[in-house]
Amino acid sequence: MQGKQGWLLLLLPLLLGMRDPFKVPESRCPDAALSQWQYVGIVMGPVPVGIVRDEQARWLRVRHGETLPTGGRVTALNEQELVIDTLGKCEPPLWRWQRQGTKQHEDRDRHTAAPRQPNAGGISRSRDAGGR
């Protein structure tokens, strides 16, 4: 009798740990969420900070080497691209986003940074020397 109970105790954890063979296995990869992310831009400074919009339209700040809520880690961050390593949870293991911000604000800032000259290249609205 003692031997039968011993086998049952050894097999019980195996039986309880089995998953339903008809149920689709859960994915550890947050690919549905990551596919909706948008890399919007970067704030340059001593530690560059990437600006990301996640699947729930929340704004995230990410830094190089940081571990994200999805479990991945930021491996590259520059003005053009953001790269996240999913640490073996997804296939492919590296997810890349190209910056999707608009250039209208950059162009606007460039124009204001340039020295201004009144009527440079424009139509002169002043009257001629005769006053008419």
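Residues numbered from 1 in each chain as written. Predicted model: local features only at pLDDT ≥ 70, side-chain atom pairs only at ≥ 80, totals over all residues. Heavy atoms only, no water.

K.L.:
Is there a simple way to think about unusual backbone geometry in this case?
P.N.:
Among all residues except glycine, the phi angle is most often negative; among peptide bonds, the trans geometry is most common. Note the cis peptide between E91 and P92, where omega equals 5 degrees. Position of P92 among the secondary structure elements: in the loop between β5 (81-85) and β6 (94-98). Of note, A57 is a non-glycine position whose phi angle comes to about 65 degrees, a positive value. For A57, the position within the fold is in the loop between β2 (49-53) and β3 (59-62). Given a relative accessible area of 40%, A57 falls into the partly exposed group. (Helix = DSSP H or I, 4+ residues; strand = E, 2+ residues; numbered from the N terminus. Buried < 20%, exposed > 50% of the residue type's maximum accessible area, 1.4 Å probe, protein only.)

K.L.:
Just checking my understanding: could you explain the confidence of the model for the protein chain for this structure?
P.N.:
As a general rule, the predicted coordinates of low-pLDDT regions are not to be interpreted in detail. Averaged over all residues, the pLDDT of the protein chain is 75; the fraction at 70 or higher stands at 59%. Across residues 108-132, confidence stays below pLDDT 50; counting only partners more than four residues off in sequence or on other chains, it has one contact. (pLDDT = per-residue confidence, 0-100. Contact = heavy atoms within 4.5 Å.)

K.L.:
Would you mind showing me how to read the pattern of salt bridges here?
P.N.:
Any two side chains of opposite charge can pair if their charged atoms end up close together. For the structure shown, the criterion picks out two salt bridges. A salt bridge links D54 to R58; the nearest nitrogen and oxygen atoms lie 2.8 Å apart. You can call R58 partly exposed: its relative accessible area is 44%. Where R96 meets E81, a salt bridge forms, and the shortest distance between an N and an O atom there is 3.4 Å. Within this pair, whereas R96 is found in strand β6, its partner E81 is found in strand β5, the two being separated by 15 residues in sequence. Given the relative accessible area of 18%, E81 is considered buried. (Salt bridge = Lys/Arg side-chain N within 4 Å of Asp/Glu carboxyl O.)

K.L.:
Where do I start with the packing of aromatic side chains in this structure?
P.N.:
Within a pair of aromatic rings, the relevant descriptors are the distance that separates the centres and the angle that separates the planes. On inspection of all chains with the given rule, the structure shows two aromatic pairs. Consider the rings of W37 and W97, whose centres lie 5.7 Å apart with planes at 25 degrees: the pair is stacked. With W37 in the loop between α2 (31-34) and β1 (38-43) and W97 in strand β6, this residue pair connects regions lying 60 residues apart in the sequence. Each member of the pair W37 and W97 is classed as buried. Grouping aromatic residues by their ring pairs yields a cluster made of W37, W95 and W97. (Phe/Tyr/Trp six-rings, centres within 6.5 Å; stacked < 30°, edge-to-face > 60°.)

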